[in-house]
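# Breakdown of the fold
Spelled out, the chains give:
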Amino acid sequence: MLHVNRNGHILNARVRLAARPLIERDILHRIRGIIVHQTGGTSGSSSLSSYTVKNANGAHFLIDKDGTIYQTASLFRQTWHVGRLRARCIAEYRCTPTELYALRRFNPKAEHRMEMAKNVPQRYPANEDSVGIEIVGAAVAGKGQNPAEQGVYEIVNAQQNASLRWLIAELTSTFGIPMTEIFRHPVVSRKNPTEARSALW
Amino acid sequence: MVIASLILALAASGSPTADDGSGTEPKMSKTHLPPISTITIRNSGTTSPASSEPANQCTDFKLSYQEVREYIRKASQVTEHDYLHLLDWSPCHASGEVSFNHGVTGIWAIQQYRAGSLKLSDGRTLYLYCPQCQATAFPNPDE
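Note that the structure is predicted; figures quoted are calculated from it, not measured. (Residues numbered from 1 in each chain as written. Chains lettered and ligands numbered in written order. Predicted model: local features only at pLDDT ≥ 70, side-chain atom pairs only at ≥ 80, totals over all residues.)

### Topic: the overall build of chain A
Each helix and strand counted, chain A has seven helices and seven strands in total. Its helices and strands in sequence order give chain A the pattern β-β-α-β-β-α-α-α-β-α-β-α-β-α, from N to C terminus. In terms of overall size, chain A behaves like a compact globule, its C-alpha atoms giving a radius of gyration of 17 Å where 201 residues would be expected to give roughly 17 Å. Once the C-alpha set of chain A is aligned to its principal axes, its extents read approximately 50 × 45 × 35 Å. For chain A, the residues scored as buried account for 45% of the 201 residues in total. Considering only intrachain contacts with a sequence separation of at least 6, the fraction spanning at least 24 residues in chain A is 73%. (Helix = DSSP H or I, 4+ residues; strand = E, 2+ residues; numbered from the N terminus. Rg over C-alpha atoms; globule rule 2.2 N^0.38 Å. Buried ≥ 20, exposed ≤ 12 C-beta atoms within 10 Å, placed from the backbone. Contact = placed C-beta atoms within 7 Å.)

Encoded structure:
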């Protein structure tokens, strides 16, 4: 069970505070899920410094290569880390005929809008009700290729996975989040499918 | 004075900003790229190695020279984080080279869902997004 102070920061020796208020958005009223990401960059310091500019976006936690857990945003505030939601009913084979009809045309914006009219677990957790965990890891591409299009995310190492496992166990028990509501980013949004593929919890 | 303020307000609203407050649209800014002199298409209908789908799933994704030119001309710049986290990723992309009037060259790549990137010879990498761009192989624009 975590001790969270009045600012939404965890008081625990395993979590280092690296507050980046510029990535904090509206109030996070209730945490219903956790989304696991990889940064796309090679170092924790580059991610931490990218969170210090105006309009920066990030997630609540950053797990560095050596397993160090940084808390970068308050657990009482939203961060914008998810993107548009995929329709959860498709992945779980439970769409109604009406939903299937609405989804017949590819339109990610309309699909997201339709999802946001539902609640978790009818939809995936979104920015407004999830905590984001970033794991430092680059998308690596071949010579002459651009990582943005052709990159494959590097493997999450053992120290990072140990920290991720601990953090998720603590967050789920503290906030009553079901383990069924923890997702890799490409599950909930259209993302490079190798992002966080090797993350374990 | 009022007219001047109105003009300024209209000019500001016409700049590429997006960010509709939902947290799913990236903040966009102008690329300030000079006019394009030449475009080369090296690869079309390419499937990303990250895709778990068959390698031929993207064979229909092809862009014309005009569509690439229009994309690079109209696209806005987004941050790397927003490119990776907020924009929809597609396994299908095309890529090639571009040169600009002032001598800088670059390698462009455009994904099917309108995200793209541009690696410039001056060392910069621009992450691009063009929600209003049209191409036969793009899905219909968002409503």
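### Observations concerning the overall build of chain B
When its secondary structure is counted, chain B shows three helices and six strands. Counting over 143 residues, chain B shows a buried share of 40%. For chain B, the proportion of contacts with a sequence separation of at least 24, taken over those separated by at least 6, is 59%.

### Here's the deal with the domain arrangement of chain A
Residue and element names in this part refer to chain A. Per the domain assignment, the segments of chain A are domain 1 (1-83 + 124-201) and domain 2 (86-123). Summarising the inter-unit geometry, the C-alpha centres of domain 1 and domain 2 are found 25 Å apart. Contacts between the two partners involve ten residues from domain 1, matched on the other side by seven residues from domain 2. Among the residues making up the side of domain 1 that touches domain 2, the classes are represented as four nonpolar, two polar and four charged. (Domains from an automatic or database assignment. Nonpolar A, V, L, I, M, F, W, Y, C, P; charged D, E, K, R; others polar.)

### Comments concerning the interface of chain A and chain B
In this complex, chain A contributes 29 residues to the contact, which on the side of chain B involves 29 residues. Looking at the side of chain A that touches chain B, the elements with two or more residues in it are β2 (33-40), α4 (108-116) and α5 (147-150) of chain A. Broken down by element, the side of chain A that touches chain B gets its largest block of residues, four residues, from α4(A). Broken down by class, the residue content of the side of chain A that touches chain B amounts to seven nonpolar, 16 polar and six charged.

### Some remarks on the sheet that holds strand β3 (residues 92-100) of chain B
All names here are of chain B. Pairing within the open sheet is antiparallel, and its six strands lie in the order β1-β3-β4-β5-β6-β2. If you trace the sheet from one side to the other, it starts and ends with β1 (36-47) and β2 (76-78), each paired once. Taking the axes of each pair of neighbouring strands and ignoring which way they run, one obtains an average angle of 30 degrees across the sheet. Note that β2 and strand β6 (residues 125-129) share three bridges and pair antiparallel. By the bridge assignment, Ser76 is partnered in β6 with Tyr129. Packed onto the sheet, helix α2 (residues 65-74) meets β1, β3, β4 (105-111) and β5 (115-120) and runs at close to 110 degrees relative to β1. (Pairing = 2+ DSSP bridges. Axes fitted to C-alpha atoms, helices over the stretch in contact; angles between N-to-C directions.)

### Some words on α2(B)
All names here are of chain B. Inspection of α2 places Glu67, Val68, Tyr71 and Ile72 among the buried residues, and these make up the whole buried set. Looking down the long axis of α2, one finds its buried residues gathered within 130 degrees of arc, a one-sided arrangement. Across from the buried face of α2, at angles greater than 90 degrees, the exposed residues are Tyr65 and Gln66. In this fold, the buried residues of α2 make contact with β1, β3, β4 and β5. (Arc of directions from axis to C-beta.)

### Overview of the confidence of the model for chain B
Residues and elements named next belong to chain B. Across chain B, the average pLDDT comes to 85, with 84% of residues at 70 or higher. pLDDT under 50 marks residues 1-15. Its contacts with residues more than four places away, or in other chains, come to one contact. As scored by the predictor, the complex reaches a pTM of 0.90 and an ipTM of 0.88. (pLDDT = per-residue confidence, 0-100.)

### Focus: α4(A)
Residues and elements named next belong to chain A. Among all positions of α4, only Pro108, Glu111, His112 and Glu115 are buried. For α4, the buried positions fall inside an angular range of 100 degrees around the axis, keeping them on one side. Residues of α4 that are buried sit in contact with α2 (88-91).

### Considerations on unusual backbone geometry
All names here are of chain A. With an omega of 10 degrees, the peptide bond between Val120 and Pro121 qualifies as cis. Mapped onto the elements, Pro121 comes out in the loop between α4 and β5 (130-140). Phi is positive for Ala196, close to 60 degrees, though the residue is something other than glycine. Along the polypeptide, Ala196 turns up in the segment after α7 (185-188). Since 25 C-beta atoms lie within 10 Å of it, Ala196 is described here as buried.

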